[in-house]
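Below, each chain spelled out in residue letters.
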Amino acid sequence: MAASKPTGKRAPATTSADRDSRGQGDELHQLAGGAHPVLTSNQGIPVADNQNSLRQGPRGPTLLEDFLLREKITHFDHERIPERIVHARGSAAHGFFELTRSLGKVTRAKILTEVGVKTPVFTRFSTVAGGAGSVDTPRDVRGFAVKFYTREGNWDLVGNNIPVFFIQDAIKFPDLIHAVKMEPDRAFPQAASAHDTFWDFVSLMPESMHMIMWAMSDRTIPRSLRTIEGFGIHSFRLLDEEGNSTFVKFHWRPKLGLQSTVWDEALKLQAADNDFHRRDLFEAIQRGDFPEWELAVQLFTEEQADGFPFDHLDPTKIIPESLVPLQVIGRMVLDRWPDNFFAETEQVAFCPANVPPGIDFSNDPLLQGRLFSYLDTQLIRLGGPNFNQIPINAPKCPFANHQRDGHMQMQVPKGRVAYDPSSLQEDSPRETPTGFRSHASADDGRKGRTRAESFADHYSQARMFFRSLEKPEQAHLASALVFELSKVETEKVRVRTVSHLRNIDEGLAKRVADGLALGTLPAPAPTATPAQDLPAAPEVRVIGRNKPLLQGRCIGILFDEGSDARVIANLRKSAEKAGASVKLVAPKIGGATLSDGKTQAADGQLAGTPSVVFDAVAVVLSADAGKALAKEAAAVGFVSDAWAHLKAIASDEGAQALLKAARVGNDAGTVEAEDSKAFLAAAATRQWAREPKLRLLA
Ligand code: HDD
C-alpha cells in the first residue's frame, strides 16, 4: 500500500515533542488506501471496522469491552449543549470590517482610527424567542451580533435590528423572556409573541410601547437577513488619549436597502422553508454575492445630551437623525460561510462587555445588567471558563495572563510564575500603560432602587414612530396588532393593550379596537407624563427606504412542456445581468422539453417551491400547459400568492388560463414576459398600490 497525502486540516503543532510524535503517527495514519485519512478513535487508534460492534459470536451479545462502540456512543450522547435561552436560532458568517473614516479625534481605539485596515469579523443573526430548531421567519426581533477580532482584543457589538428595547432595566429581562417564550404549562406557541403571556406582560409595562410599535411593524418580518439594519441600541462612550468622553450610538445599514415581507407571505414562508433566511444567506455567500453593511455612528457630547427632550440612557428611546445625523465610518462584508455550524455558529460567545481600549460603557441600566449576563450564561452553555480558547472565540491578537486551569484547558503554560507582580520570570505578562481604562465619570447619588424621572415618557416616541410610517406600513402595523391580539384569549389583556394605543394614536386605537370588535374604546391608560407630538423621523420607515435594486433578489420562472425557450433564456439573461438570481420551477424536477426541443431541468419542483420564496415571478407556458396547470392547485397558488404578496408577474399568452384561474388582475406589476425591461423594473420593488384592492386593512 502506498502512503497517501492526508487531505483533512491538521491542528497546528504546539511543541517540538508533539511534532515528533505526530510525525511518526502521520505515516501510520495516512495508510488508508486512498486519498483520505485513516479513521481513528479519539485516542488516535486506527479503526478496522466501523460497521459492526464487538459481539460474542455473530448472533451473540455485544461486549462491554468494545471501547470503540462505547467511545462513539458516549460522544454522540453528549453532542448537544444547552441552547441559548434567547437568540437560540441563528445563522452566521465570517467577513471583514474596513474603516473608511477615522474617529481619531474622539477615540484611541485602533479599530476606529486605522483607515483601510481590514479587521476580521464573525457576525451572527438570530431570532429571539424560538428554540434552535424553530423557523426563520416568525414575527420577531432579529439579533445582529458582530465580533470584531481587533488588534487590541475582541470587540463584540451585540445588537438587534431594532434601535430600542422593551424594558428600561435589566432586572426585568427574565420576566420579559418568560412572557414571550412558549407558555410553561403547554409549551406553545413556539417562536411567537401572539399569545396571552406576552401581551399581558407588555400591557402592564408601558415602557415597552415604543418597542411594540417597532415589533408590530414590517421590520420584524424581513425578507432577508441581508436587508435588515442593525443597532447597538445603547449609548456607548468613546475615549480619546486623554480620557475625554464622547457618546456614540452604532448603526449598521444594509447595502441592499431594507426589505420586508407581507404578513401572509411570512406565514406561508414558515411552511415553505423553515430555513429560508439561513439558506438565503448561505446561497448569497456561495455565489459571491457578499452581503454588505455600512457602519455609521451618531456622536454627541454630554452637554448635547442634556438638551435632548428624552434621556439617551433610556434604551426605549432613539436619537432622531434630525437631532444627531449619522456619519458613515466603515463597511462590513460577509464573504465566508463557516466550515462547521456547531464549532463556529453555535459555540460563538458574544458579550457586550468585550470592548477594546478607547470604547467604554454608558450608565444605561439595561446595558449595565447585560455586562454581567453574557459571561455568566456562557459559563454554563459552553461548560466552563476556558470557552475563550475555542477558536471562534479566541482573539486573533496575542493574549496572555495568569488565569490557569479549569475545564477544557487547551493551553500548556510554561514556567513557575502564574501570578502578578512577579520577579522570577522576565517574560511573564505585565500591565501596560496603554491598556484598557474606564472613563473617570463622577457618578454620585443616593443608593436606591429608583428610576430617573427622565425615563418616564413612554408614549411620545411611540407616537413619533407610528406617525412617521408610510400609509401601507401603518396599515400593516394595525393589522399586526389585530392578528396578535386576536390570538390572545383573555379579553382584559386585549382591552388593556388598546388603552395604551389611545395614548399613541387615536386612529390606530380605533382601527385595532374595530379589528377586534371591541365595542367601545377603553379609557386611555394613565400616563406619568403626557405624550408629545414630535417631528416625523423618516428614518424609521421600511418601505420608504427600500432600494429599487435587482441585486440580491431572486426571480422564479414557472415553465412546463413546450414553454418558449427564447423567452425564458432572455428573462434569465437580463435578470442575471441586473444582479438577480434566477430559479426555474416546473411540475417535475427533471424539467420539461422546451419549444426548441431541448430538455430543461428545474431547480425546484412546483409543489415544494411556492412563489413565496421569490421576489418576483415569470410564468412562461404553452397554451396546453397553461390550461392543464389552471387545474393544478399548486400552480394556481403559485400565481395567486405572487399577486397577493404584491410581486411583479410576467406572463406570456399560454399562461393566461392559469392567471385567470388565479384571479390575477392588471396593474403596473403585471407585464408581458417578452418585455424583460418592464419586468425587471417591476421586480425591483413591491406593488404597494395593489394592496388596497386585495386586503381589508384593519
Ligand atoms: Fe441579550 C444573547 C441582543 C438585552 C441576556 N442578546 C443575545 C444575542 C443578541 C442579544 C443579538 C445573541 C448573541 C449570539 O448570536 O450569540 N440582548 C440583545 C440586545 C439587548 C439585549 C440588543 C438590548 C438592548 N440580553 C439583554 C438583557 C439581558 C440579555 C437585558 C440580561 C439581563 N442575551 C442575554 C443572554 C444571551 C443573550 C442570556 C443568551 C445567549 C448568550 O447571551 O450568549 O446572556
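Residues numbered from 1 in each chain as written. Predicted model: local features only at pLDDT ≥ 70, side-chain atom pairs only at ≥ 80, totals over all residues.

### Details of the overall build of the chain
We count it as follows: Only DSSP runs of H or I with at least four residues qualify as helices, and only runs of E with at least two residues qualify as strands; both kinds are numbered from the N terminus onward. Computation of the radius of gyration draws on C-alpha atoms alone. For the globule rule, the value is 2.2 Å times the number of residues to the power 0.38. As a rule, residues whose C-beta atom has 12 or fewer other C-beta atoms within 10 Å are exposed, those with 20 or more are buried, and those in between are partly exposed; C-beta atoms are placed from the backbone.
Broken down by element type, the chain carries 20 helices and 18 strands. For 698 residues, the compact-globule formula gives about 26 Å, and the C-alpha radius of gyration of the chain, at 29 Å, lands near that figure. Dimensions of the chain, computed from the C-alpha atoms along their principal axes, are close to 85 × 80 × 55 Å. Evaluated residue by residue, the chain yields a buried proportion of 43% over its 698 residues.

### Section: unusual backbone geometry
Along the chain, phenylalanine 188 connects to proline 189 via a cis peptide bond; the corresponding omega equals 0 degrees. The backbone phi angle of isoleucine 233 is positive, close to 70 degrees, even though this residue is not glycine. Within the secondary structure, isoleucine 233 sits in the loop between β5 (230-231) and β6 (236-239). Positioned with a positive phi, arginine 663 is a non-glycine residue whose angle comes to about 55 degrees. Topologically, arginine 663 is positioned in the loop between α18 (656-661) and β18 (670-672). Look at arginine 663 and you get exposed, because 11 C-beta atoms sit within 10 Å.

### Side note on the UniProt feature "domain: Catalase core" (unreviewed entry) in the chain
What counts is decided by this rule: UniProt positions are given in the numbering used here, feature names are shortened, and annotations may be inferred rather than shown by experiment.
Those places that UniProt annotates as "domain: Catalase core" (unreviewed entry) correspond, in this numbering, to residues 40-428. The span residues 40-428 is 21% helical and 19% strand by assignment, and the distance between its end C-alpha atoms comes to 38 Å.

### Things to note about the site of the ligand
Applied cut-off: Being near a molecule or strand means, for a residue, that its backbone-placed C-beta atom lies within 6 Å of it.
Near the ligand you find 27 residues, and of these Arg84, His87, Arg124, Gly143 and Ser373 are the closest. Breaking the shell around the ligand down by element, the ones donating at least two residues are β2 (118-127), β3 (142-150), β4 (153-160) and α10 (365-381). Here the shell around the ligand gets 7 residues from one element, more than from any other, and that element is α10.

### So, the packing of helix α4 (residues 196-203) against helix α13 (residues 491-504)
Applied cut-off: The convention used is that axes are lines fitted to C-alpha atoms, helices contributing only their stretch in contact, and that angles between N-to-C directions extend from 0 to 180 degrees. For classification, angles of less than 35 degrees are called roughly parallel, those exceeding 145 degrees roughly antiparallel, those between 65 and 115 degrees roughly perpendicular, and all remaining angles oblique. Should the near helix be turned counterclockwise from the far one by less than a right angle, the crossing is left-handed, whereas a clockwise turn marks it as right-handed. Here, residue contact means that the backbone-derived C-beta atoms of the two residues sit within 7 Å. Classification convention: Asp, Glu, Lys, Arg as charged; Ala, Val, Leu, Ile, Met, Phe, Trp, Tyr, Cys, Pro as nonpolar; all other residues, Gly among them, as polar.
Relative orientation of the contacting elements α4 and α13 amounts to 40 degrees, with a least axis distance of 9 Å. As the angle between them shows, α4 and α13 are arranged oblique. Note on packing geometry: the crossing formed by α4 with α13 is left-handed. Contact residues: α4 offers Asp196, Trp199, Asp200 and Ser203, while α13 offers Val493, Arg496, Thr497 and His500. Taken together, the residues of the contact of α4 with α13 break down into 2 nonpolar, 3 polar and 3 charged.

### Some words on helix α7 (residues 276-286)
The criterion, for reference: Note: the arc covers the axis-to-C-beta directions of the helix.
Those residues of α7 that fall on the buried side of the exposure criterion are Phe276, His277, Asp280, Leu281 and Ala284. For α7, the buried positions fall inside an angular range of 130 degrees around the axis, keeping them on one side. Looking at the buried residues of α7, the elements they touch are β1 (90-99) and α6 (263-272). Downstream of α7 by a residue or two, glycine 288 has a phi angle that is positive, lying close to 85 degrees.

### A word on the domain arrangement of the chain
Under the convention used in this document: Start and end points for every domain follow an automatic or database-based domain assignment.
Taken as a whole, the chain is organised into domain 1 (90-389), domain 2 (460-544) and domain 3 (551-694). Put simply, the middle of domain 1 and the middle of domain 2, counted by C-alpha atoms, are 25 Å apart. The interface of domain 1 with domain 2 comprises 26 residues on the first partner and 28 residues on the second. Elements that contribute at least two residues to the side of domain 1 that touches domain 2 include exactly α4 and α5 (209-215).

### So, the environment of alanine 601
Mapped onto the elements of the fold, alanine 601 is located in the loop between β14 (599-600) and β15 (604-605). Under the C-beta neighbour-count criterion, alanine 601 is labelled exposed, with 11 such atoms within 10 Å.

### Examining the pairing of β4
The cut-off we apply is this: When DSSP finds two or more bridges between a pair of strands, those strands are recorded as paired.
Burial analysis of β4 places 7 of its 8 residues in the buried class, the great majority of the element. For β3 and β4, the ladder comprises 8 bridges, and the chain directions are antiparallel. Looking at β4, one finds that phenylalanine 148 is bridged to tryptophan 155. Between the end of β3 and the start of β4, which pair antiparallel, lie 2 residues.

### Some words on the confidence of the model for the chain
Interpretation of the predicted coordinates at a detailed level should be avoided for regions scoring low in pLDDT. The line we're drawing: Every residue carries a pLDDT, the predictor's confidence in it, which falls somewhere between 0 and 100.
When pLDDT is averaged along the chain, the result is 94, and 95% of the positions lie at 70 or above. Considering only residues more than four positions removed or in separate chains, one finds that residues 1-23, a stretch of pLDDT under 50, has 20 contacts. The ipTM assigned to the predicted complex is 0.99, against a pTM of 0.94.

### Concerning α6
Along α6, the residues classified as buried are Glu265, Ala266, Lys268 and Leu269. Those residues of α6 that are buried are in contact with α7 and α17 (633-644).

### Topic: the sheet that holds β18
Spatially, 6 strands are ordered β15-β12-β11-β16-β17-β18 in an open sheet, and the strand pairing comes out parallel. In the strand order of this sheet, the two ends are held by β15 and β18, each with one partner. Along the sheet, helix α15 (residues 565-577) contacts β11 (554-558), β12 (581-586), β16 (616-619) and β17 (648-651); its crossing angle with β11, the most-contacted strand, is approximately 180 degrees. Helix α19 (residues 676-683) contacts β11, β16, β17 and β18 of the sheet and is inclined by roughly 160 degrees relative to β17.

### Concerning the environment of threonine 377
For threonine 377, the position within the fold is in helix α10. Since 16 C-beta atoms lie within 10 Å of it, threonine 377 is described here as partly exposed. Placed 26 residues apart in sequence, threonine 377 and cysteine 351 show a C-alpha to C-alpha distance of 10.0 Å.

### Remarks on the nonpolar core
Note the cut-off: The term nonpolar core refers to a group of buried residues, namely Ala, Val, Leu, Ile, Met, Phe, Trp, Tyr and Cys, whose C-beta atoms join them within 7 Å.
Ranked by size, the top nonpolar core spans 55 residues in total, and within it Met211, Met213, Phe466, Leu477, Leu481 and Val512 carry the most contacts. At the level of secondary structure, the elements contributing two or more residues to this core comprise α3 (173-180), α4, α5, α10, α11 (460-468), α12 (471-486), α13 and α14 (506-515). Mapped onto the domain boundaries, this core takes at least three residues apiece from domain 1 (90-389) and domain 2 (460-544). Listed in part, the 53 residues of the second largest apolar core include Ile557, Ala586, Val619 and Leu621.

### Examining the packing of α12 against α14
Running from N to C, α12 and α14 point in directions that differ by 40 degrees, and their axes come no closer than 9 Å. Classified by the angle between their axes, α12 and α14 sit oblique to one another. With respect to the hand of their crossing, α12 and α14 are arranged in right-handed fashion. Packed against α12, whose contacting residues are Ala478, Leu481 and Val482, the element α14 presents Leu508, Arg511, Val512 and Gly515 at the interface. The class makeup of the residues in the contact of α12 with α14 is 5 nonpolar, 1 polar and 1 charged.

### Some remarks on the pairing of strand β8 (residues 292-300)
Both strand β7 (residues 245-254) and β8 contribute to a ladder of 8 bridges, which runs antiparallel. Each residue of the ladder has a partner; that of valine 248, found in β8, is leucine 299. In this structure, β8 lies alongside strand β9 (residues 327-336), joined through 6 bridges in antiparallel fashion. Across the sheet, residue valine 297 finds its bridge partner in β9, namely glutamine 327.

### Let's talk about the environment of serine 581
In this structure, serine 581 sits in strand β12. Taking the number of C-beta atoms within 10 Å as the measure of exposure, serine 581 has 20 and is therefore buried. Placed 499 residues apart in sequence, serine 581 and proline 82 show a C-alpha to C-alpha distance of 37 Å. Those residues within four positions of serine 581 in sequence are excluded, and the remaining contacts are Arg287 and Cys554.

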